[in-house]
Amino acid sequence: MLVITIASMRDYEELTKRLFFENHNVKHFKTMVVMDRVKASMGLKLPTDKTTT
């Protein structure tokens, strides 16, 4: 998964052309657009094993 924050869709299109369409090693990719930022960091809270001392 690649998370990209970019200023505009035009900039995104130019980036995908350069990184994905012109790269023959990339067979396919999927774009998922987020309209509202709910989470501000990339950190994840992982469960801890409370039985370990």
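Residues numbered from 1 in each chain as written. Predicted model: local features only at pLDDT ≥ 70, side-chain atom pairs only at ≥ 80, totals over all residues. Heavy atoms only, no water.

> Describe in detail the overall build of the protein chain, supporting the description with residues and values.
When its secondary structure is counted, the protein chain shows one helix and zero strands. For a compact globule of 53 residues, the expected C-alpha radius of gyration is about 10 Å, and the protein chain comes in at 17 Å, more than 25% above that figure. A principal-axis box enclosing the C-alpha atoms of the protein chain has dimensions of 50 × 30 × 10 Å. Out of the 53 residues belonging to the protein chain, those deemed buried represent 8%. In the protein chain, 9 side chains carry a positive charge and 6 a negative one; their mean positions are 6 Å apart. (Helix = DSSP H or I, 4+ residues; strand = E, 2+ residues; numbered from the N terminus. Rg over C-alpha atoms; globule rule 2.2 N^0.38 Å. Buried < 20%, exposed > 50% of the residue type's maximum accessible area, 1.4 Å probe, protein only. Lys, Arg positive; Asp, Glu negative; His and termini not counted. Charge placed at Lys NZ, Arg CZ, Asp CG, Glu CD.)

> Which residues make up the layout of surface pockets, and what values go with them?
Counted as a void, the largest pocket has a volume near 1100 Å³. Lining the largest pocket are 26 residues, and of these Val 3, Ile 4, Thr 5, Met 32 and Val 34 sit closest to its centre. Taken together, the residues of the lining of the largest pocket sort by class into 18 nonpolar, four polar and four charged. (1 Å grid on protein atoms, 1.4 Å probe; cavity = no way out; pocket = protein on both sides within 12 Å on 5 of 7 lines; lining within 4 Å. Points joined across faces, edges and corners; volume = space filled by probe spheres on them. Nonpolar A, V, L, I, M, F, W, Y, C, P; charged D, E, K, R; others polar.)

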